[in-house]
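# Examining the three-dimensional arrangement
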Amino acid sequence: MKTPKSCDFQKLKHHNLTSTFATTQVQSSSLPLSHPSQSPPSTLSPLKTPLISPHSLQTSIQSSQWHFIKHLSPNLTPALVSTALFNLRSNPDLILKFINQFELNQNNLPYHCIAVVILARLPSPKQALDMIKRVVSSRVSTNKEVFDELSSARERLDISSSIVFDLLVRAFCELKRGDEAFECFYMMKDKGVLAKVETCNDMLSLFLRLNRTQTAWVLYAEMFRVRINSTVYTFNIMVNVLCKEGKLKKAKEFIGYMENLGFKPNVVTYNTIIHGYCGKGNLEGAHRLFEAMKAKGIKPDAYTFGSLISGMCKEGKVEEASELICKMEEDGLVPVAVTYNALIDGYCNKGDLERAFMCRDEMVKKGIMPTVSTYNLLVHALFMEARLDEANGMVKEMEGKGMAPDDITYNILINGYCRSGNAKKAFSLHDEMLSKGIQPSRVTYTSLIYVLSKRKRMKEADDLFVKIMGRGVSPDVIMFNALIDGHCANENLERALFLLKEMDRTKVPPDEVTYNTIMQGHCRKGKVEEAREILDAMKRRGIKPDHISYNTLISGYSRRGDMKDAFRVRDEMLSIGFNPTRLTYNALIQGLCKNQEGDHAEELLKEMVSKGITPDDSTYLTLIEGIGKDDTFEECNGS
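Calculation criteria
Residues numbered from 1 in each chain as written. Predicted model: local features only at pLDDT ≥ 70, side-chain atom pairs only at ≥ 80, totals over all residues. Heavy atoms only, no water. Helix = DSSP H or I, 4+ residues; strand = E, 2+ residues; numbered from the N terminus. Buried < 20%, exposed > 50% of the residue type's maximum accessible area, 1.4 Å probe, protein only. Contact = heavy atoms within 4.5 Å. Areas by Shrake-Rupley, 256 points an atom, 1.4 Å probe, with all protein chains shown as cover. Salt bridge = Lys/Arg side-chain N within 4 Å of Asp/Glu carboxyl O. Expected span 1.5 Å × (residues − 1). Arc of directions from axis to C-beta. Axes fitted to C-alpha atoms, helices over the stretch in contact; angles between N-to-C directions. Parallel < 35°, antiparallel > 145°, perpendicular 65-115°, else oblique. Left-handed = near helix turned anticlockwise from the far one by under 90°. Phe/Tyr/Trp six-rings, centres within 6.5 Å; stacked < 30°, edge-to-face > 60°.

An unreviewed UniProt entry lists the protein chain under the name Pentatricopeptide repeat-containing protein, from Rhododendron simsii.

What follows is the structure in structure tokens.
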């Protein structure tokens, strides 16, 4: 598109800016302007579009005549604006001020795209990127329309660089709109423009974060097909993708693939795979890689040691992890709070709070400040041991050091009080969360439903469930299970079964805990056949019953004295590979004693002991009661 011929600015130099824009087109351009107070001569035609030149627009922008420019906006053309803005390309602040005068809409989209193309040439892409994000977030145009306008602006300004298209893809990545980023990638390809490898890496990283590993592979294959050369960073992302997919062997083989292509794996490459091995509990594989990287002259960093220490702690090897911290320091690396938090978590999981607190003190001595996560671990461990006062003391200590409790802190506190049955305190903490602008999560509400259920306040639990769904919090299987358990414990099986149907409606798949809970509810009411039907429904759904499922049925039949059915379930349990537990034997012994079959009960006791299962108080009390009721049993033992 050609730039319209501008008016002669030299002829108008004696007029002020207003006079310049007030000049009207007349039938004869030589006619003089009338005084504003006079009526226009009859020879003049009606007012038409003001004659505007790029130079006059540029002057108006430089003079910050924003109100006047907004008045003229209907008469501004993309060609006019592009020329004026191109002349102002060395002053990006003015360009931004100009664009900000217009509320983004379909009509002025070209102006915004012209500005983006000019700003994209600056050393820093931030201003252009921010404007693109504003354009695509407004959704005033389709992605194709935005792409086409950017393309037109690029051609109008005769700019060969394709960076603006890469910035468009990057904007979608930052907005976590992966499909639209990929769509723009293909639009670039159709135009004969290849995305930069850095742009592709942004997309791959996004798909990795969104756990869309399959899409990442599609993009990686497309990069290979159109010959966008990968970097070490690209390979590291794909190694991470393989680890996320659980394909650790392939991830390890990828190192060789990189080397064959002439790329040298770096510490990040090895750290990614070591972290993957540690996450899977394969410490042996992680240590082999640790030695391999050192053999290749790649020095482990704090992240390498941190992954190994965390992996050891999760496997209960806390002492070995502690020794590795010493090794880490010998190598001149300084542990960080995350490293010590892994160690503290390991000791807390072992129930060794004394060592956990010693670790906290050690990190403080070394000048490593505990984090909110450090305190959360210790507070949680104290609550698990019902040391509520000490847990509250830790929270006060944390606040005294200027660290505000986060959502995890509150969830720990609320869960702790719910487990101790203190519903009042739990709801008080919930209200405190809200007052501080911390939004409760599913975890929070599950704990509150749990305590209401245990306190037999099922109407309140149901009302809370409805309320949180109204707030847009989607329940998960754990929340449904907590509510179902409450109704089953309170013998409201009708409501429990309704909730099972509600799970289907909301597309929350039930698990074995869901079905076991409902089976236990039926058995409590003596409805063992209905419980058996639930077990069959569970199997049809593809959910494998566990030993709790079978023990529930055995216990139900035994309480009713139906020992033939109880032993049939026991045999079914054995046939699929589940060994009887103490609960299995106790239930069967209880049923036999109830039926005055003391001799058979005694045989089961001997079998139980021979299998290494130690009887408990319940076992012996059942036998004692059975002995008292069973004359035959007394005679057999007296002879």
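Now that the structure is up, let's keep going.
### Some points on the overall build of the protein chain
A count of helical and extended segments in the protein chain gives 36 helices and zero strands. When the 639 residues of the protein chain are sorted by exposure, 46% land in the buried category. A separation of at least 24 residues holds for 61% of the contacts in the protein chain among residues at least 6 apart in sequence. Of the accessible surface of the protein chain, which amounts to about 33,000 Å², a share of 51% is contributed by carbon and sulfur atoms.

### What to know about the pattern of salt bridges
A full pass over the atoms with the stated rule returns 37 salt bridges. Of the charged contacts in the structure, one is a salt bridge between arginine 288 and glutamate 284, with a shortest N-O distance of 3.2 Å. Here glutamate 284 and arginine 288 lie together in helix H16 (residues 283–295), a separation of four residues that amounts to about one turn. Exposure remark for glutamate 284: the relative accessible area of 57% places this residue in the exposed category.

### What about helix H22 (residues 388–400)?
Along its 13 residues, H22 runs 18 Å from first to last C-alpha, staying within 8% of the 18 Å computed at 1.5 Å per residue. Looking at H22, one finds that the buried residues are Ala391, Met394, Val395 and Met398. Within H22, the buried residues cover an arc of 100° as seen down the axis, which keeps them to one side. Those residues of H22 that are exposed and aimed more than 90 degrees away from the buried face are Asp389, Lys396 and Gly400. Each element contacted by the buried residues of H22 is listed here: helix H20 (353–365), helix H21 (372–384) and helix H23 (407–419). Note on H22: the residue one or two positions beyond its end, glycine 402, has a positive phi of about 85°.

### Re the packing of helix H29 (residues 512–524) against helix H30 (residues 528–540)
In the contact formed by H29 and H30, the axes pass within 7 Å of each other and the chain directions differ by 165°. Here H30 runs roughly antiparallel to H29, going by the angle between their axes. Where H29 crosses over H30, the two elements pack in a sense that is right-handed. In this structure, H29 uses Glu512, Tyr515, Asn516, Ile518, Met519, His522 and Cys523 to contact H30, whose residues at the interface are Val528, Glu530, Ala531, Ile534, Leu535 and Met538.

### What to know about the packing of aromatic side chains
This structure, assessed with the given rule, holds 14 aromatic pairs. With 5.0 Å between their ring centres and 15° between their planes, phenylalanine 182 and tyrosine 186 make a pair best called stacked. Placement of the pair is phenylalanine 182 and tyrosine 186 together in helix H10 (residues 178–190), with a separation of four residues, close to one helical turn. By relative accessible area, phenylalanine 182 is classed as buried at 9%. Under the relative-accessibility criterion, tyrosine 186 is labelled partly exposed at 30%. Ring centres of phenylalanine 185 and tyrosine 186 lie 5.6 Å apart, and the angle between their planes is 80°; this geometry places the pair in the edge-to-face category. The class for phenylalanine 185 is buried, based on a relative accessible area of 3%. Clustering of aromatic rings is evident, with ring pairs tying together Phe182, Phe185, Tyr186 and Phe207.

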